[in-house]
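Observations on the three-dimensional arrangement
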Amino acid sequence: MFDFMDMGFDEPGEPIESGPYIPDAAECMRCGMCISSCPTFRLFQIDEETPRRRIRTISKILVENLPTSAEERVHLDNCLQCRACETVCPSRMAYGQLFDQAQARLKVNVSWLAKLAFRLIEKKRWRTRLMPLLAVYLKSGLQKPLRRSGLLKKMHLADAEVLLDKPALQALAACYPASVTPFGRVALFTGCVAEHFDRETLLVAIKLLNAIGYEVLVPPQQGCCGAIHQHNGQSVAGLIDNNIAVFNALDVDAVLHTATGCGAMLSEYQSDDGKAAELFRQRLYDINDFLLEHWPDDLQLTASTLKVAVHEPCSQRNVLKNQQAVYALLQKIPGLSIAALADNHICCGTGGSYMLTHPDNAGQLRDLKQQIISATYADVVVSGNFGCAVYLNGYPETTIRVEHPLVLLAGQLPL
Ligand code: SF4
Ligand code: SF4
């Protein structure tokens, strides 16, 4: 049990001189309403694995400047950063911000492999040069023996390897003109890993936008959104400022993202240049919202009798909060049977890079999600987050494929 009443705040919510201001930390009422939404409590069933205990640890790090035990840091590190606790908290605790501040303060030691991964996702030129080598690896027949050797598992790369399914080696074009009389122009955020490994979603997004009368720009200078860096205590100012500068320089009606994990990060961009960050956020849309808002009355999709289950990624439910747009868009397909997955509030285990850093915890959550998916007898599951789709599709015994909702929509465009 802990108490925030004696933490040194003069007034609830006011900063104290010894540390940074934590938004609303003093407002935690210890009510416990966050506990049942927390995936790690679902797994471990102990108080140490609850949001309110983590907030206590965070306040020690950020406000009280007290030492934390190794055990406390392990429990903090077990957090998936799904932010389900934020959504249900009556005090609207800014858990995501608190966690990121604590990670940055702790200066978490990352392995050389993680450092290499951070650099790879930051440096577009490095990634582009690496792609042909990946293609050689995929053709070489080395995948099976390498998997059997257990080396990938030992290096926590077994789940990452499923990303190598269909890498795109060529860059996207810089401009895709509208296929009907143009109404306007938008820019597409392509992400870092998704740019190469989720090309299908990006191409169908462009196809749909062109079909509703929008020219699509894909600025090659854009970079990683920074989400994985930020959640691992790494500096993100450079990545943020680059994306803000690149997209703000474009004469477009909107900047669109297709992956909710990136979208959640982009939607919370802050910068020393506050006006530039605000302009960026003002023009930012989740593609589902944009399509819904700009769908032409005369564009009819062809019918489908598929049974679809909707997975709601944590980044969509707890940050973007626009999951209803997915259902509304899918209803444009006549005949489609659409239902929400049960327990959508519980994370599937992906958690950005969590599936790589905490494979056992993530694996147990994926098992739970897969049991729910199997029970739906759906033909397809849709998810607006690339990371979740990859991780769920990597489940060994899965028979129901997870796709981006845009893939279904684009597949029903009239010829
Ligand atoms: S729901 Fe909010 S106020 Fe209640 S214990 Fe959790 S973090 Fe604290
Ligand atoms: S962010 Fe998710 S995993 Fe972390 S404490 Fe909140 S509910 Fe639990």
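Thresholds, definitions, all that
- Residues numbered from 1 in each chain as written.
- Chains lettered and ligands numbered in written order.
- Predicted model: local features only at pLDDT ≥ 70, side-chain atom pairs only at ≥ 80, totals over all residues.
- Heavy atoms only, no water.
- Helix = DSSP H or I, 4+ residues; strand = E, 2+ residues; numbered from the N terminus.
- Expected span 1.5 Å × (residues − 1).
- Bend = angle between axes of the 7 residues up to and from the residue.
- Buried < 20%, exposed > 50% of the residue type's maximum accessible area, 1.4 Å probe, protein only.
- Contact = heavy atoms within 4.5 Å.
- Near = heavy atom within 4 Å.
- 1 Å grid on protein atoms, 1.4 Å probe; cavity = no way out; pocket = protein on both sides within 12 Å on 5 of 7 lines; lining within 4 Å.
- Sits in = over half its atoms within 2 Å of the grid points.
- Pairing = 2+ DSSP bridges.
- Axes fitted to C-alpha atoms, helices over the stretch in contact; angles between N-to-C directions.
- Salt bridge = Lys/Arg side-chain N within 4 Å of Asp/Glu carboxyl O.
- Parallel < 35°, antiparallel > 145°, perpendicular 65-115°, else oblique.
- Nonpolar A, V, L, I, M, F, W, Y, C, P; charged D, E, K, R; others polar.

1. Some thoughts on helix α2 (residues 51–64)
The end-to-end C-alpha distance of α2 is 18 Å, a good match for the 20 Å that 14 residues give at a rise of 1.5 Å each. Along α2, the helix axis deviates most sharply at I58, where the bend reaches about 25°. Taken together, the buried positions of α2 are P51, R52, R54, I55, R56, T57, I58, S59, K60, I61, L62 and V63. Contacts from the buried residues of α2 go to α1 (39–44), α3 (70–77), α4 (84–88) and α5 (95–106).

2. What to know about the site of ligand 2
Around ligand 2, the neighbouring residues are C38, P39, P51, R54, C79, L80, Q81, C82, R83, C85 and Y95. In this structure the site holding ligand 2 corresponds to the second largest cavity.

3. Here we look at the sheet that holds strand β9 (residues 401–403)
Spatial strand order, β7-β6-β8-β9: 4 strands in an open sheet with parallel pairing. Only two strands of the sheet have a single partner each, and these edge strands are β7 (337–340) and β9. Across the sheet, the axes of successive neighbouring strands diverge by a mean angle of 30°, strand direction being ignored. As judged from the 4 bridges shared by strand β6 (residues 307–311) and strand β8 (residues 380–383), these two strands associate in the parallel manner. Across the sheet, residue V310 finds its bridge partner in β8, namely V382.

4. Some remarks on the pattern of salt bridges
A side chain of one charge can pair with a side chain of the opposite charge when the charged atoms of the two come close. Under the definition given, this model contains 12 salt bridges. Here R83 ties to E86 by a salt bridge, and the two come within 3.0 Å at their closest N and O atoms. As far as the burial class goes, R83 and E86 line up, both buried. By sharing partners, the salt bridges in this structure join D47, E48, R52 and R53 into a single network.

5. Here we look at the packing of helix α6 (residues 112–122) against helix α7 (residues 124–140)
Look at α6 against α7: their axes get within 5 Å of each other, and the N-to-C directions meet at 95°. Here α7 runs roughly perpendicular to α6, going by the angle between their axes. Each of R119, L120, I121 and E122 in α6 lies in contact with α7, whose residues at this interface are K124, W126, R127 and L130. Among the residues forming the contact of α6 with α7, the class breakdown is 4 nonpolar, no polar and 4 charged.

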